[in-house]
Amino acid sequence: MENVFVVEVEPEVRLWLMNLSDSDYLVVEHVTNRLLNHATTLGEPYSRYLGDGLRELRFDMGSTATPYGSRTGSHQDGGWFS
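Residues numbered from 1 in each chain as written. Predicted model: local features only at pLDDT ≥ 70, side-chain atom pairs only at ≥ 80, totals over all residues. Heavy atoms only, no water.

Caption draft 1: Molecular detail of the overall build of the protein chain. When you go through the protein chain residue by residue, the secondary structure sums to two helices and four strands. Listed N to C, the secondary structure of the protein chain is α-α-β-β-β-β in terms of helices and strands. Among the 82 residues that make up the protein chain, the fraction classed as buried is 29%. By sequence separation, contacts in the protein chain at least 24 residues apart represent 51% of the contacts at least 6 residues apart. Of the roughly 5,700 Å² of accessible surface on the protein chain, a fraction of 51% belongs to carbon and sulfur atoms. (Helix = DSSP H or I, 4+ residues; strand = E, 2+ residues; numbered from the N terminus. Buried < 20%, exposed > 50% of the residue type's maximum accessible area, 1.4 Å probe, protein only. Contact = heavy atoms within 4.5 Å. Areas by Shrake-Rupley, 256 points an atom, 1.4 Å probe, with all protein chains shown as cover.)

Below, the structure written as structure tokens:
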């Protein structure tokens, strides 16, 4: 049986995601998919294990280090994070 993993998004992250440009949003989508595809093995610098099966996604967007997530579809309509 395949393990199912969930990306949880806090309200302030959801707001941040909705305000990204389309190109920045694609970066977030790519790194989140990387985490979903390697949920139990992806380590630093890509994610940090926080305990109890929880990982913080870590990546750079330009000059700003960012610890957030991904989805599909237009980022203006809520995508996965509805």
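Caption draft 2: Region of interest: the side chain of threonine 32. On the secondary structure map, threonine 32 appears in helix H2 (residues 22-37). Overall, threonine 32 belongs to the buried group, its relative accessible area being 1%. Among the polar contacts listed, one links the side chain of threonine 32 to the backbone oxygen of valine 28, at a separation of 2.9 Å. (Polar contact = N/O pair within 3.5 Å; in protein donor to acceptor, adjacent residues only side chain to side chain.)

Caption draft 3: Broad picture of the pairing of strand E1 (residues 47-51). Here E1 pairs with strand E2 (residues 54-57) via four bridges, running antiparallel. From the neighbouring strand, glycine 51 faces E2, where its bridge partner is leucine 54. Connecting the antiparallel pair E1 and E2 is a turn made up of two residues, with aspartate 52 showing a positive phi of about 50°. (Pairing = 2+ DSSP bridges.)

Caption draft 4: How the structure looks around the pattern of salt bridges. A complete count under the given rule lists two salt bridges for this structure. Ionic pairing is found between arginine 48 and glutamate 44, a salt bridge with its closest N-O pair at 3.1 Å. (Salt bridge = Lys/Arg side-chain N within 4 Å of Asp/Glu carboxyl O.)

Caption draft 5: Main features of the environment of alanine 39. If you trace the backbone, alanine 39 turns up in the loop between H2 and E1. When sequence neighbours within four positions are dropped, the list of residues in contact with alanine 39 reads Phe5 and Arg55.

Caption draft 6: Seen up close, the nonpolar core. Of all hydrophobic cores here, the largest spans 12 residues; its members are Val9, Val13, Leu17, Leu20, Tyr25, Val28, Val31, Leu35, Leu42, Leu57, Phe59 and Met61. Contributions of two or more residues to this core are made by helix H1 (11-18), H2 and strand E3 (59-61). When residues in this core are grouped by element, the largest group, four residues, is from H2. (Core = buried A, V, L, I, M, F, W, Y, C linked by side-chain atoms within 4.5 Å.)

Caption draft 7: Representation of unusual backbone geometry in the model. In the segment running from glutamate 44 into proline 45, the intervening peptide bond is cis, with an omega of 15°. Assignment of secondary structure puts proline 45 in the loop between H2 and E1.

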